[in-house]
Amino acid sequence: MKAAIFHGPGDIRIEEVPDPRIQDPTDAIVRITHTAVCGSDLWFYRGQQEYQEGWRTGHEPMGIVEEVGEDVRRIKPGDLVLAPFAFSDGTCEFCRKGLQTSCTHGGFWAMEMDGAQGEAVRAPYADATLVPVPDRAAGDERLIEALFPLTDVMGTGHHAAASAGVKPGSTCVVVGDGAVGLCAVLAARRLGAERIIAVGHHEDRLDKAKGFGATDLVTSRGEEAVQEIVEMTKGGANHVLECVGAKSSMDLAISVARPGGAVGYVGVPHGPAEEGLDIMRLFFNNLTLRGGPAPVRAYMEELMEDVLTGKLDPSPVFDMTVDLDGVPGGYAAMDNRTALKVLVKV
Ligand SMILES: [Zn+2]
């Protein structure tokens, strides 16, 4: 079969790899129908994250179950399934409390595991990891493309909103206009936020934010953006959703949080890891900082229901579609920002 392989920064190639096979009785083999290129893939693509030559890529799998191991009960061959970006056993302490990204037996796709940017994957703990799409969505490509972002970006946006404690009637600020930031706007609206201030630097992306429910757009940067938002909110917002992970975006998020408020952060920290956080500001304003890698699996059924009933549609985050051979071009397009998020129809 064919799969995307990392050969070095800027160098992703589609190559022949061995077909996956059942290794453990809890495995399933999934033939990929849809996957994507993620903003977080750009870290290794740009050489900013350690990644070995020969590793597979892609962590957003959707496809049709081809074969299951002998201990798999819930998932059947022929099922159309979604998988979160992390696989998990569904039984450990952390899975039971809805924190599947900390599963004691779990892990992440790609690297030494099978990557979703390929024709098939071996899915560990299939009964816990995979979520079947109900039959009523079968054959409805528009609906399937609206469900697919639940593998990562939509669940991550929801985690930002949930971590920031967004409630009906609340005012919130979403920092970042990438796919996760846009999904965070959708998530905040879904949770009933009344005012959603979207902060970003790309007009076309902010237009999408507006379509998703943002009520106010802020394009200025740094101190200017802080002043603007503090003024608009008469002292800051109770709920701030940080969806970038850079030092500047985290500083902005903390600076526009209202005393007693919360910052939900889901952008993988890059800048703040080295340069630190304004702990004094967090302390003196009694701010809550909550977040991390989204346990997308925990949110999948709930979000799926809203997609199936037409209440939620994150599919406009995709602005480019490629086939598997187009994956290297998809990375290049996201790297040079001509694409926001690339859907891959394998
Ligand atoms: Zn677990």
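Residues numbered from 1 in each chain as written. Predicted model: local features only at pLDDT ≥ 70, side-chain atom pairs only at ≥ 80, totals over all residues. Heavy atoms only, no water.

K.L.:
Help me get a handle on the pattern of salt bridges, residues and values and all.
P.N.:
Overall, the coordinates contain 19 salt bridges when judged by the stated rule. One salt bridge in this structure joins Arg 122 and Asp 24, with 3.8 Å as the shortest N-O distance. Of this pair, Arg 122 sits in strand S8 (residues 120–123) while Asp 24 sits in the loop between strand S2 (11–16) and strand S3 (28–37); the two residues are 98 residues apart in sequence, bridging distant segments of the chain. A residue is classified by how much of its surface remains accessible, and Arg 122, at 13% relative accessible area, is buried. Residue Asp 24 is classed as partly exposed on the basis of its relative accessible area, which comes to 40%. The salt bridge partner of Asp 216 is Arg 195, with a shortest N-O separation of 3.0 Å. With Asp 216 in strand S12 (residues 216–218) and Arg 195 in strand S11 (residues 195–199), this residue pair connects regions lying 21 residues apart in the sequence. Under the relative-accessibility criterion, Asp 216 is labelled buried at 17%. One salt-bridge network, held together by shared partners, links Arg 190, Glu 302, Asp 306 and Lys 311. (Salt bridge = Lys/Arg side-chain N within 4 Å of Asp/Glu carboxyl O. Helix = DSSP H or I, 4+ residues; strand = E, 2+ residues; numbered from the N terminus. Buried < 20%, exposed > 50% of the residue type's maximum accessible area, 1.4 Å probe, protein only.)

K.L.:
Account for the packing of helix H6 (residues 179–190) against helix H7 (residues 203–212), naming residues and giving values.
P.N.:
It is the contact of H6 with H7, at a shortest axis distance of 9 Å, that shows an interaxial angle of 15 degrees. Relative to H7, the element H6 lies roughly parallel. Crossing of H6 over H7 shows right-handed handedness. Facing Leu 182, Val 185, Leu 186 and Arg 189 of H6, the residues of H7 in contact are Arg 205, Lys 208, Ala 209, Gly 211 and Phe 212. Considered class by class, the residues forming the contact of H6 with H7 number five nonpolar, one polar and three charged. (Axes fitted to C-alpha atoms, helices over the stretch in contact; angles between N-to-C directions. Parallel < 35°, antiparallel > 145°, perpendicular 65-115°, else oblique. Left-handed = near helix turned anticlockwise from the far one by under 90°. Contact = heavy atoms within 4.5 Å. Nonpolar A, V, L, I, M, F, W, Y, C, P; charged D, E, K, R; others polar.)

Any functional reading would require information that these geometric values do not contain.
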